[in-house]
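# Structural description and commentary
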Amino acid sequence: MMKRDQCFRALARHVNDEVVVATYSSAVDWLELGERALNYFSVGAMGLDSSHALGLALGRPEKRVICLQGDGSLLMNLGSLVTIAAAAPKNLVHFVVQNGTYEANGSHPIPNTGVEFAAMARAAGYAHVHEFSELANFEQQAGHILQQDGPVFATLHVERSKPLTYDYANLYDAARRAALKAALRER
Amino acid sequence: MDADLIAAEDDQVELKGSTIIAAIKASGVEFILSVPDIVTSGGLLRPIARDPAFKLVRVCKEDECIGIASGLSYCDRRALTLIQYTGFLDSINAIRGVAIEYRQPICMMIGLLGHDPSTAPRNSPRYGVRIIEPILDAMGIPHHLINAEADVAKIRPAIDDAYATSHPLALLIGRRPSGA
């Protein structure tokens, strides 16, 4: 099975001026790949990352928005799948990183570790839906997925990567939000 | 008669939906994010849904609006969350995390279902209505009661201020706006 940080490294090779929305464990692993002003870390209200991403995608339809959401987070906001599919932003690519746990809260299991998010996204009406369990396959497809007309959904089936340190003060830093806003005004 | 059942046409004091919508437009709001609320359904949401000046995003649950409005604000696009007070109560953590701790200009128009417009909301016999203003006060969220035509003038400056200084705002709709 894949690891989250491996998937993110594969994805990062194709990320340039896209806005990346990430939360909790996904945010920590994404940030390890480097600082960028166009990161949007939505810690503080779990589950809203997909909604933040929708707002960004609607606000900047010419700019691609990538959401890196955990499975526990998406479970808290399943309705957002339907809302996103109905709003149908062509520039939104929505990944759910499925490791079956609330990793940031003690790695307790989600209520049903076998839940099929890709099937839910397909039923909700996403334009393209993918599912990956093999890293080589994801590495091959990542660039293609980011080019598709959205809303695009992809489940990344991963194991826990490694014990993480959650520096919430850093993720929460107001300077990050100011930098994002400035970057969006520039580009 | 139960206050829930008072139709706008039975109310002696008219609050026009059209003047509220004009104020929303004048404040530069482009996106309306909503779960339907019977207080604002006929006078606001239906005409907004037909109005090409607005982009209406229908959401499944009210807290989604808080995230969407936040994302839009980073793009300098203004949004108004149009919900019932029950949805506000359900969204408290999102409002706490995003609107207050992240200091985002989340503007909410909240229908007070079951409110008797002849009384002050905090004196309402309805528990759910009675607690709204004290909760907003406890959270430090500026709020205004829109209960009559004269109150509509509060809308634009309140929204402008929310975006100028990046703070949340609650506009409480105290009676059903008419379709006029």
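Not measured: the values here are computed from a predicted model.

## Comments concerning the overall build of chain A
- Secondary structure assignment for chain A yields nine helices and nine strands.
- Expected size for 187 residues packed as a compact globule is a radius of gyration near 16 Å; at 15 Å, chain A falls within 12% of this value.
- Dimensions of chain A, computed from the C-alpha atoms along their principal axes, are close to 40 × 35 × 30 Å.
- Sorting the 187 residues of chain A into buried and exposed places 49% on the buried side.

## Concerning the overall build of chain B
- Of the regular secondary structure elements, chain B holds eight helices and six strands.
- Against the 2.2 N^0.38 benchmark of 16 Å for 180 residues, chain B shows a C-alpha radius of gyration of 15 Å, consistent with a compact globule.
- By its C-alpha atoms, chain B is 45 × 35 × 30 Å across when sized along the principal axes.
- By the burial criterion, 49% of the 180 residues in chain B qualify as buried.

## Focus on the nonpolar core
- Membership of the largest hydrophobic core comes to 108 residues, with the highest contact counts inside it found for V21 of chain A together with M108, I110 and L171 of chain B.
- Per-element tally for this core: the top contributor is helix α3 (residues 62-74) of chain B, with six residues.

## Notes on unusual backbone geometry
All names here are of chain A.
- In the segment running from G150 into P151, the intervening peptide bond is cis, with an omega of 0 degrees.
- Looking at where P151 falls in the secondary structure, it is placed in the loop between α7 (135-147) and β9 (152-159).
- In this structure, Y24 takes a positive phi of about 50 degrees despite not being glycine.
- Tracing the chain through its elements places Y24 in helix α2 (residues 24-31).
- Its 26 C-beta neighbours within 10 Å are what place Y24 among the buried residues.

## Some words on the interface of chain A and chain B
- The partner chain B presents 24 residues to the 23 residues of chain A that form the contact.
- Counting only elements with at least two residues in the side of chain A that touches chain B, the list comes to α3 (49-59), α5 (79-87) and α9 (174-186) of chain A.
- Considered class by class, the residues forming the side of chain A that touches chain B number eleven nonpolar, nine polar and three charged.

## Thoughts on the confidence of the model for chain B
Residues and elements named next belong to chain B.
- When pLDDT is averaged across chain B, the result is 93; 93% of the residues are at 70 or more.
- Considering only residues more than four positions removed or in separate chains, one finds that residues 1-6, a stretch of pLDDT under 50, has seven contacts.
- This complex was scored by the predictor with a pTM of 0.95 and an ipTM of 0.95.

## Things to note about helix α6 (residues 117-124) of chain A
Residues and elements named next belong to chain A.
- Taken together, the buried positions of α6 are occupied by F117, A121 and A124. When α6 is viewed along its axis, its buried side chains cluster within an angular range of 65 degrees and face the same direction.
- On its buried side, α6 packs onto α4 (71-75), α5, β5 (92-98), β8 (128-132) and β9.
- Taken from the residues just after α6, G125 is the one with a positive phi, measuring 115 degrees.

## A few points about the sheet that holds strand β2 (residues 55-58) of chain B
Residues and elements named next belong to chain B.
- One open sheet holds the six strands; their spatial order is β2-β1-β3-β4-β6-β5, and the pairing between them is parallel. Lying at the two open borders of the sheet, with one neighbouring strand each, are β2 and β5 (143-146). Going across the sheet, the axis of each strand differs from the next one's by a mean of 20 degrees, ignoring polarity.
- One ladder, built from five bridges, connects strand β4 (residues 107-111) with strand β6 (residues 169-173); its direction is parallel. For M109, the partnering residue across the bridge sits in β6 and is L171.

Conventions adopted
- Residues numbered from 1 in each chain as written.
- Chains lettered and ligands numbered in written order.
- Predicted model: local features only at pLDDT ≥ 70, side-chain atom pairs only at ≥ 80, totals over all residues.
- Helix = DSSP H or I, 4+ residues; strand = E, 2+ residues; numbered from the N terminus.
- Rg over C-alpha atoms; globule rule 2.2 N^0.38 Å.
- Buried ≥ 20, exposed ≤ 12 C-beta atoms within 10 Å, placed from the backbone.
- Core = buried A, V, L, I, M, F, W, Y, C linked by C-beta atoms within 7 Å.
- Contact = placed C-beta atoms within 7 Å.
- Nonpolar A, V, L, I, M, F, W, Y, C, P; charged D, E, K, R; others polar.
- pLDDT = per-residue confidence, 0-100.
- Arc of directions from axis to C-beta.
- Pairing = 2+ DSSP bridges.
- Axes fitted to C-alpha atoms, helices over the stretch in contact; angles between N-to-C directions.

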